[in-house]
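# Descriptive analysis of the structure
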Amino acid sequence: MAPHAPSSPLPGFWPALDAAQQAALRTVARVRQFGARAPLVYQGDESDHVIVIERGWAKVTATTADGHDVVLAVRGPGDLIAESAALAGRTRSATVTALSPVRALVVPASRFTGFLEANPDVWRLVTGTFVHRIDDHDRRLQAHAAAPGARRLAQLLARLAERSAHHVPPARDGAIEIGPPLSQAELGSWTDASRETVARALTVLRRADLIRTGRRRITVLDLPALRDYADQDPGDDEDVPPPAPRA
């Protein structure tokens, strides 16, 4: 079994700002509400604003040359989105769609640039966002190259549980409800697995009492044991049940 590397998810762009910086950014922003399934930005659009999610979750997708939508990431409370295209003055590279009702701050690109010029230390947060997303992309490529579908899904669920715990405290028994309401098809797209593979993997994890599922709801019951399963040697048989949950 490979050793599990401690995970330190970033708290998000917004929580990393101090009170004065948050107040300053609010003065140049407008609040917008997006219903579930509503697009926040479209792939290919011109870039004229950035968005900070205050409440809710959204998915990031890109359309491939053959017309398929691929899930690349999720964004949640405190996240800055659409900043790279706006700051670089290029078209959007992906579509961002609300998974649940979203409340967000929308900041024109010119005003966001002015905010950064007035608060140069915030540039480090923006740069950190870029680096964190590159690291996420690299981890995804490594997982896809080294792990079968079931373990790729377990790795993803463990990361989502860690992130969700930053926004909603775990239950008294340690259970963590994953915030983004993702379908099996979306989980499959994100992990490059078929919907059938995702369904089988969820069944394995449920039978081991590592997760509980409902419609677009997944609760991680034992995060350490889920990590252990995700980190098993890639040469192991993926159909072997994960270790028994810890007492």
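Everything numeric here is computed off the predicted structure, so don't read it as measured data.

## A word on the overall build of the protein
- Looking only at helices and strands, the protein features nine helices and 11 strands.
- Counting across all 247 residues of the protein, residues that qualify as buried make up 46%.
- Just so you have it, the protein exposes about 12600 Å², and 52% of that area is on carbon and sulfur atoms.

## Regarding the layout of surface pockets
- Volume-wise, the second largest pocket comes out at about 200 Å³.
- Every residue lining the second largest pocket is listed: Gly-56, Trp-57, Pro-77, Ser-164, His-167, Val-168, Glu-177, Ile-178, Gly-179, Pro-181, Arg-216 and Arg-217.
- Class assignment for the residues of the lining of the second largest pocket results in five nonpolar, four polar and three charged.

## Observations regarding the pairing of strand β3 (residues 49-55)
- Across the seven residues that make up β3, a large majority, six, are buried.
- Bridge analysis of β3 against strand β8 (residues 102-108) gives six bridges, and the strand direction is antiparallel. Note on β8: the bridge partner recorded for Ile-53 is Ala-104.
- Pairing of β3 with strand β6 (residues 80-81) involves two bridges; the strand directions are antiparallel. Bridge assignment links Val-52 to a residue of β6, and that residue is Leu-80.

## Topic: the sheet that holds strand β7 (residues 95-98)
- Pairing in this open sheet of four strands is antiparallel, and the strands run β2-β7-β4-β5 from one edge to the other. With partners counted over all chains shown, the strands left at the sheet margins are β2 (39-41) and β5 (69-75), one partner each. Across the sheet, the mean angle from the axis of one strand to that of its neighbour is 35 degrees, orientation sign disregarded.
- Relative to β5, strand β4 (residues 58-63) runs antiparallel, the two sharing six bridges. Each residue of the ladder has a partner; that of Ala-58, found in β5, is Arg-75.

## Comments concerning helix α9 (residues 223-230)
- Within α9, seven of the eight residues are buried, leaving the element largely enclosed by the surrounding structure.
- Turning to α9, its buried residues are Leu-223, Ala-225, Leu-226, Arg-227, Asp-228, Tyr-229 and Ala-230.
- Where α9 begins, the side chain of Asp-222 points an oxygen toward the backbone nitrogen of Ala-225, at a separation of 3.1 Å.

## Observations concerning empty space enclosed by the protein
- For the structure on display, the rule yields two cavities of 30 Å³ or more.
- In this model, the second largest cavity occupies a volume close to 50 Å³.
- Leu-157, Leu-160, Ile-178, Pro-180, Pro-181, Leu-182, Leu-187, Arg-216, Arg-217 and Ile-218 together form the lining of the second largest cavity.
- Of the residues in the lining of the second largest cavity, the class split is eight nonpolar, no polar and two charged.

## Remarks on the side chain of Thr-197
- With respect to the secondary-structure elements, Thr-197 resides in helix α8 (residues 195-207).
- The exposure class assigned to Thr-197 is buried, which follows from its relative accessible area of 18%.
- Side chain to side chain, Thr-197 and Ser-194 meet in a polar contact 2.9 Å long.

## Side note on the pattern of salt bridges
- Counted by the stated rule, this structure contains seven salt bridges.
- When the shortest N-O distance is used, the salt bridge between Lys-59 and Glu-186 registers 2.8 Å. Of the two residues, Lys-59 is situated in strand β4 and Glu-186 in helix α7 (residues 184-191); the sequence distance between them amounts to 127 residues. Accessibility assignment for this pair places Lys-59 and Glu-186 in one class, buried.

## Notes on the sheet that holds β8
- Strand order across the open sheet formed by four strands is β1-β8-β3-β6, with antiparallel pairing between neighbours. The open sheet is flanked by β1 (30-34) and β6, the only strands paired with a single partner.
- Sheet strands touched by helix α4 (residues 109-118): β3, β6 and β8. Its angle to β8, the strand with the most contacts, is close to 80 degrees.

## Brief notes about the packing of aromatic side chains
- Applying the stated rule across the entire model yields two aromatic pairs.
- Between Phe-13 and Phe-112, the ring centres sit 6.3 Å apart and the planes meet at 55 degrees, which makes this aromatic pair tilted. With a gap of 99 residues between them, Phe-13 in helix α1 (residues 13-16) and Phe-112 in helix α4 connect regions that are remote in the sequence.
- Taken together, the aromatic side chains of Phe-13, Phe-112 and Phe-115 make up a single cluster linked through ring pairs.

Conventions and cut-offs
- Residues numbered from 1 in each chain as written.
- Predicted model: local features only at pLDDT ≥ 70, side-chain atom pairs only at ≥ 80, totals over all residues.
- Heavy atoms only, no water.
- Helix = DSSP H or I, 4+ residues; strand = E, 2+ residues; numbered from the N terminus.
- Buried < 20%, exposed > 50% of the residue type's maximum accessible area, 1.4 Å probe, protein only.
- Areas by Shrake-Rupley, 256 points an atom, 1.4 Å probe, with all protein chains shown as cover.
- 1 Å grid on protein atoms, 1.4 Å probe; cavity = no way out; pocket = protein on both sides within 12 Å on 5 of 7 lines; lining within 4 Å.
- Points joined across faces, edges and corners; volume = space filled by probe spheres on them.
- Nonpolar A, V, L, I, M, F, W, Y, C, P; charged D, E, K, R; others polar.
- Pairing = 2+ DSSP bridges.
- Axes fitted to C-alpha atoms, helices over the stretch in contact; angles between N-to-C directions.
- Polar contact = N/O pair within 3.5 Å; in protein donor to acceptor, adjacent residues only side chain to side chain.
- Salt bridge = Lys/Arg side-chain N within 4 Å of Asp/Glu carboxyl O.
- Contact = heavy atoms within 4.5 Å.
- Phe/Tyr/Trp six-rings, centres within 6.5 Å; stacked < 30°, edge-to-face > 60°.

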